[in-house]
Amino acid sequence: MPVRQTLVTSEIKLSYLEWNQGKKPLLLLHGLADHALVWSSLGDDLAAEYHIVAPDMRGHGESSKPETDYTFSSAIADLELLMDHLGWSSADIVTHSWTGKLAAIWARVSPQRLRSMVLVDPIFIWQMPSLFRLTFPLLYRYLSFLKGMGPFTSYEVAETQAKQLNQYQGWSTLQQQVFQTGLEQKPDGSWGSKFTINARDGIFEDVMRVPGFIAPVDTPSLFIQPEQGLNRFDWQIKPYKTYLKNLRICQVPGNHWPFLTAPATFNQTVASFLKDRA
């Protein structure tokens, strides 16, 4: 079982889960509106061989929630600070959704930090047209992972909504734990996500502004493509094939959250890639 740890500096408080049994550094980065516990099954499966850390990214979970500064640069600085704290010069990383784009940028600006990267159904890899900003309110209502932000009048209403969301299909014990851990009661008595509106808006702003790829990247990479994920067409995969010069692509069952909806196959896929890299 992981242990909840906290790194506190003058700049940021980073909360993270740590499996400290194995020796090989492995960093697990959740997607937008999620938190570290989504990696619970994977962490448990790999803990004997890897020293695993899964942070709550800034604006999420138990980590700091500043009013501003949700750029990729700040997020990468947080992660490098955490790695320095752990004594890691580099690590294999597993990313999901939005942090897949973060990984592509990180591998370009600090390639020595990433031994390899697993990109789980990454999104928004390109720089977005400025006109796209006008569609943000519609996008916020459409995206499944943002529908769970609330506010909700009661915990029961929030749970009813959660059971209809893609990431909680099946409503397993793990999914229930992830849902409950990401929810809190607000000062006015309502219930909602620990993920903040400021973080949502700030992250989307930088996602639109910063391109994921502008030059070839040599970092060994695995693209995990869920059967019911967001990347289903060749044109969506093409930029990864173009810019990632050491790329493997693997299909797995499940939707955009295969680590929650089909964890056994997902865990084995990641384990096999990491073993081949060893």
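Scroll up a little and you will see the structure.
Residues numbered from 1 in each chain as written. Predicted model: local features only at pLDDT ≥ 70, side-chain atom pairs only at ≥ 80, totals over all residues. Heavy atoms only, no water.

Student: An account of the overall build of the protein chain is needed here, citing residue identities and associated values.
Tutor: Along the backbone of the protein chain there are eleven helices and ten strands. The globule rule puts the C-alpha radius of gyration for 278 residues at 19 Å, and the 18 Å found for the protein chain is close to it. Its C-alpha atoms give the protein chain principal-axis dimensions of about 50 × 45 × 40 Å. In the protein chain, which comprises 278 residues, the share counted as buried stands at 56%. For the protein chain, long-range pairs separated by at least 24 residues make up 73% of all intrachain contacts whose partners lie at least 6 apart in sequence. With the model as given, the accessible surface of the protein chain reaches about 12,300 Å², and the carbon-plus-sulfur share is 52%. Between the mean site of the 25 positive side-chain charges and the mean site of the 26 negative ones, the protein chain shows a separation of 5 Å. (Helix = DSSP H or I, 4+ residues; strand = E, 2+ residues; numbered from the N terminus. Rg over C-alpha atoms; globule rule 2.2 N^0.38 Å. Buried < 20%, exposed > 50% of the residue type's maximum accessible area, 1.4 Å probe, protein only. Contact = heavy atoms within 4.5 Å. Areas by Shrake-Rupley, 256 points an atom, 1.4 Å probe, with all protein chains shown as cover. Lys, Arg positive; Asp, Glu negative; His and termini not counted. Charge placed at Lys NZ, Arg CZ, Asp CG, Glu CD.)

Student: A description of the nonpolar core should follow, citing residues and the corresponding values.
Tutor: With 89 residues, the main nonpolar core has Leu27 and Trp106 as its most contacted residues. In this structure, Trp106 is in contact with Leu27, Leu29, Ile76, Leu79, Glu80, Met83, Ile93, Pro111, Arg113 and Leu114, ignoring residues within four places of it in sequence. (Core = buried A, V, L, I, M, F, W, Y, C linked by side-chain atoms within 4.5 Å.)

Student: Break down unusual backbone geometry for me, citing the residues and quoting the values.
Tutor: Here the bond from Gly150 into Pro151 is cis, since omega is 10 degrees, no more than 30 degrees from zero. Assignment of secondary structure puts Pro151 in the loop between helix H5 (144-147) and helix H6 (155-162). Its identity is not glycine, yet Trp171 carries a phi of approximately 50 degrees, on the positive side. With respect to the secondary-structure elements, Trp171 resides in the loop between H6 and helix H7 (173-181).

Student: Please set out the packing of helix H2 (residues 72-86) against helix H3 (residues 98-109) residue by residue, giving values where relevant.
Tutor: Packed helix pairs are characterised by how far apart their axes lie and by the angle those axes make with each other. Following both chains from N to C, one finds H2 and H3 inclined at 75 degrees, their axes separated by 10 Å at the closest point. In terms of orientation, H2 lies roughly perpendicular with respect to H3. Between H2, through Phe72, Ala75, Ile76, Leu79, Glu80 and Met83, and H3, the contact on the second element is made entirely by Trp98, Lys101, Leu102, Ile105, Trp106 and Val109. Among the residues forming the contact of H2 with H3, the class breakdown is ten nonpolar, no polar and two charged. (Axes fitted to C-alpha atoms, helices over the stretch in contact; angles between N-to-C directions. Parallel < 35°, antiparallel > 145°, perpendicular 65-115°, else oblique. Nonpolar A, V, L, I, M, F, W, Y, C, P; charged D, E, K, R; others polar.)

Student: Describe the packing of aromatic side chains, listing the residues and the values that go with them.
Tutor: The full count for this structure, using the stated rule, is 13 aromatic pairs. Between the aromatic rings of Tyr155 and Phe179, the centroid separation amounts to 5.8 Å while the plane-to-plane angle is 50 degrees, which identifies the pairing as tilted. Here the residue Tyr155 occupies a position in helix H6, and Phe179 occupies one in helix H7, the gap between them amounting to 24 residues. When its relative accessible area of 22% is taken as the criterion, Tyr155 is described as partly exposed. Here the aromatic rings of Phe223 and Tyr240 are separated by 4.9 Å at their centres, their planes lie at 70 degrees, and the arrangement is edge-to-face. With Phe223 in strand S9 (residues 221-228) and Tyr240 in helix H9 (residues 234-243), this residue pair connects regions lying 17 residues apart in the sequence. For Phe223, a relative accessible area of 0% corresponds to the buried category. Overall, the relative accessible area of 2% leaves Tyr240 in the buried class. Every member of this aromatic cluster is reached through a ring pair, and the members are Trp126, Phe213, Phe223, Tyr240 and Tyr243. (Phe/Tyr/Trp six-rings, centres within 6.5 Å; stacked < 30°, edge-to-face > 60°.)

Student: Can you break down the pairing of strand S3 (residues 24-29) residue by residue, with the values?
Tutor: Of all six residues in S3, five are buried, a share of seventy percent or more. Handedness of the S3-helix H1 (residues 40-46)-strand S4 (residues 50-55) crossover: right-handed. Looking at chain direction, S3 and strand S5 (residues 91-96) are connected through four bridges and run parallel. Bridge pairing in S5 links Leu26 to Asp92. (Right-handed = clockwise from strand over helix to strand, strands pointing away. Pairing = 2+ DSSP bridges.)

Student: Can you lay out the side chain of Glu80 for me, pointing to particular residues and giving the numbers?
Tutor: For Glu80, the location among the structural elements is in helix H2. Given the relative accessible area of 18%, Glu80 is considered buried. Not counting residues up to four positions away in its chain, the partners in contact with Glu80 are Trp106, Ser110 and Arg113.

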